[in-house]
Amino acid sequence: MSVVAFAHPSLRAWLPAPRDALSLALWNAAEIAEATGGVASGEFQCAGVEMDSRDVRPGDLFIALKGEAMDGHRFIDKAFAAGAAAAIVDRPIDWPHVLVEDTTAALHALAAAARTRSPGKRIAVTGSVGKTGVKEAIFTALDRSSRGQAHRSVRSYNNHVGVPLSLARMGSRAKYGVFEMGMNHAGEIAPLVDHVRPDVAVITTIAPAHIENLGTIEAIADEKAQIFVGLEPGGAAVIPADIPQFEQLRAHAEAAGADVFSFGRGSHARVRLLDAIPAANGGASLVTAQIDDTRLCYSVAEPGEHWIDNSLAVMATVYAVGGDLGAAGIALGEMGGLKGRGARHTITAAGGRATLIDESYNANPASMRATLAQLGQTPASRRIVVLGAMGELGEFSARFHEQLAEPVEAAQVDFAVLVGEGMEPLVRKLGTAGINGLGNPVPFAHCADPAEAIAALEEFGLNAGDAILVKGSNFVGLGRLVDHFVSRG
């Protein structure tokens, strides 16, 4: 005997909402043509937007960008072979397309159309350290509370091409969009924030990254603060309360008419750390924070004091957009490390397994000190570091590299592999540590490139229980070393 249950029609009906009328497809031919002022060759729909034929997936819109040395039109056939649904081009082709006068201008126009059609809140993130990790954490927090309706820039798409591309990928149904913004020189932040026009602008911290081009920490802070200029009316500024440049950043934010959400450990912070209890094994921390008149308690899966501070920036942002703080706390407790930015791998070693910490994507003096401090708190039979040179430090390079001796020694490092010519000042410092009475000298090897570093690490030998930190600027290429040891299982 079968039983069939019938629900009242009012219970079966899904309440209508304005967003139900929005398209499920990312773009169709008519929308692209209207946004760019181009001419569509016919009807089509696209599920994504891509500018690199090697990354095209079925259903993508391929934009054939032209640069000084490269023309995307040369890769049209490869893009369609990979499954592209259509392309934006400046010349007729035999595939579905929208014909425009300038493909770069078309990308910018498509980004603007994505921004204006979506009712979602937009968040812009910059800073000298931690902007990619904080961007990912904000996205994860908002994606959880919105049940998958958050969008963010992938990888480190944070420049004059990556930001508009990331905007063009934002669907009309997105409730939140999180965008990373980077810079190397003065004048680069303002055009990026003009694309996004965020409701919330976040600065993670100010540190001597790119000081070669900017000259002073104060100049770096001034440039980063340009992110506030593009805020929507009534927007919010999330800024670190515990750095010397706090008042400088707050003045910029208030001049832009922003509601300031400061975060940190000081009593003046609006989002203030009350207590943090790190796990005994160097892992997750239990954090208690005060936000205006609300008290929160949550865990942070990412280890390290810097991630406690990062979590405050995330909570400040979620609070500023009216998001779900409870869902944000759960997301922070579940978030894992990013490739090249803290991902932890268990790798083969003599007698068992070792832990490799992948921080190979970027490095500057502040992030070097933070990750070395975390290594010092990580339980291990031996602590090993592979440190690559730091870039864009200019005349300050020798001093900042030499000053790494102190955090290396404080972390009780058993063996250091130093990679690149820029590490020479640290080599000299560590080489004279015993002579100058600076404590027990740290054994080290100085290598020219990742291949030599791999050989040095293999010659030293990895044992069960070792913790190996790999960190350096991306140009050093230490990701190859990470891949070598991780691929062994």
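Definitions and cut-offs
- Residues numbered from 1 in each chain as written.
- Predicted model: local features only at pLDDT ≥ 70, side-chain atom pairs only at ≥ 80, totals over all residues.
- Heavy atoms only, no water.
- Axes fitted to C-alpha atoms, helices over the stretch in contact; angles between N-to-C directions.
- Helix = DSSP H or I, 4+ residues; strand = E, 2+ residues; numbered from the N terminus.
- Parallel < 35°, antiparallel > 145°, perpendicular 65-115°, else oblique.
- Left-handed = near helix turned anticlockwise from the far one by under 90°.
- Contact = heavy atoms within 4.5 Å.
- Nonpolar A, V, L, I, M, F, W, Y, C, P; charged D, E, K, R; others polar.
- Pairing = 2+ DSSP bridges.
- Buried < 20%, exposed > 50% of the residue type's maximum accessible area, 1.4 Å probe, protein only.
- Core = buried A, V, L, I, M, F, W, Y, C linked by side-chain atoms within 4.5 Å.
- Domains from an automatic or database assignment.
- UniProt positions renumbered as here; feature names shortened; annotations may be inferred.
- Salt bridge = Lys/Arg side-chain N within 4 Å of Asp/Glu carboxyl O.
- Buried area = accessible area lost by both parts, 1.4 Å probe.

### Describing the packing of helix H5 (residues 131–145) against helix H12 (residues 325–334)
Relative orientation of the contacting elements H5 and H12 amounts to 125 degrees, with a least axis distance of 8 Å. Looking at the two axes, H5 sits oblique to H12. As for how H5 packs across H12, the hand of that crossing is right-handed. Across from Ala-137, Thr-140, Ala-141, Arg-144 and Ser-145 in H5, the residues of H12 making contact are Ala-327, Ala-328, Ile-330, Ala-331, Leu-332 and Glu-334. Residue composition of the contact of H5 with H12, grouped by class: seven nonpolar, two polar and two charged.

### Observations regarding the sheet that holds strand S22 (residues 467–471)
Strand pairing in a sheet is mediated by backbone hydrogen bonds. Such pairs are either parallel or antiparallel. Reading across the sheet, the six strands line up as S17-S18-S22-S19-S20-S21 and stay open at both edges, with mixed pairing between neighbours. Two strands close off the open sheet at either side, each with one partner strand: strand S17 (343–349) and strand S21 (444–447). Each strand of the sheet is rotated relative to its neighbour by a mean of 20 degrees, with strand direction disregarded. Sheet strands in contact with helix H16 (residues 424–431) are strand S20 (415–419) and S21, and its direction is about 155 degrees off that of S21.

### Comments concerning the pairing of S22
By the criterion of burial, S22 is predominantly enclosed, with five of the five residues buried. Side chains of S22 alternate between two faces, with Ala-467, Leu-469 and Lys-471 and Ile-468 and Val-470 buried alike. In this sheet, S22 lies alongside strand S18 (residues 352–359) in parallel orientation, the contact comprising five bridges. Across the sheet, the residue bridging to Ile-357 is Leu-469, located in S22. Pairing analysis gives five bridges linking strand S19 (residues 383–388) to S22, with the strands arranged parallel. When the sheet's bridge partners are listed, Val-386 is paired in S22 with Val-470.

### Overview of the nonpolar core
Among the nonpolar cores identified, the biggest contains 59 residues, and Met-181, Ile-227, Phe-228, Leu-249, Val-385, Val-413 and Leu-418 are the most heavily contacted of them. Summarising the domain contributions, this core has at least three residues from each of domain 2 (118–333) and domain 3 (343–488). Each residue touching Val-413, except ones within four places of it in the same chain, is listed here: Leu-375, Arg-383, Val-385, Val-408 and Val-442. By size, the runner-up hydrophobic cluster in this structure holds 39 residues, among which are Leu-142, Phe-261, Val-300 and Val-318.

### Regarding the UniProt feature "domain: Mur ligase N-terminal catalytic" (unreviewed entry) in the chain
In this numbering, the UniProt entry assigns the feature "domain: Mur ligase N-terminal catalytic" (unreviewed entry) to residues 48–96. Strand forms 22% of residues 48–96 and helix 12%; the C-alpha atoms that close the span are 15 Å apart.

### What about the pattern of salt bridges?
A complete count under the given rule lists 22 salt bridges for this structure. One salt bridge connects Arg-122 with Glu-232, and the closest N-O pair in it is separated by 2.9 Å. With Arg-122 in strand S8 (residues 121–126) and Glu-232 in the loop between helix H9 (217–224) and strand S12 (236–240), this residue pair connects regions lying 110 residues apart in the sequence. The partner of Arg-382 in a salt bridge is Asp-466, and the shortest N-O contact between them spans 2.7 Å. You can see Arg-382 sitting in the loop between helix H13 (365–377) and S19 and its partner Asp-466 sitting in the loop between helix H17 (450–460) and S22, a full 84 residues away along the chain. Across the pair, Asp-466 and Arg-382 agree in class, each one buried. Members of the salt-bridge network, linked through shared partners, are Lys-66, Asp-71, Asp-90 and Arg-91.

### Describing the domain arrangement of the chain
By the assigned domains, the chain splits into domain 1 (25–106), domain 2 (118–333) and domain 3 (343–488). With centres defined by C-alpha atoms, the gap from domain 2 to domain 3 works out at 28 Å. In this complex, domain 2 contributes 19 residues to the contact, which on the side of domain 3 involves 15 residues. Contact between domain 2 and domain 3 buries roughly 1,300 Å² in total, counting both sides, with carbon and sulfur atoms accounting for 60%. Area buried by domain 2 at its contact with domain 3 is led by Pro-208, Glu-212 and His-306, which between them contribute 31% of it. Summed over the shared surface of domain 2 and domain 3, the number is zero salt bridges. Counting only elements with at least two residues in the side of domain 2 that touches domain 3, the list comes to helix H8 (211–214) and helix H11 (305–320). In terms of residue count, H8 provides more of the side of domain 2 that touches domain 3 than any other element does, three residues in total. For the side of domain 2 that touches domain 3, the residue count by class is seven nonpolar, 10 polar and two charged.

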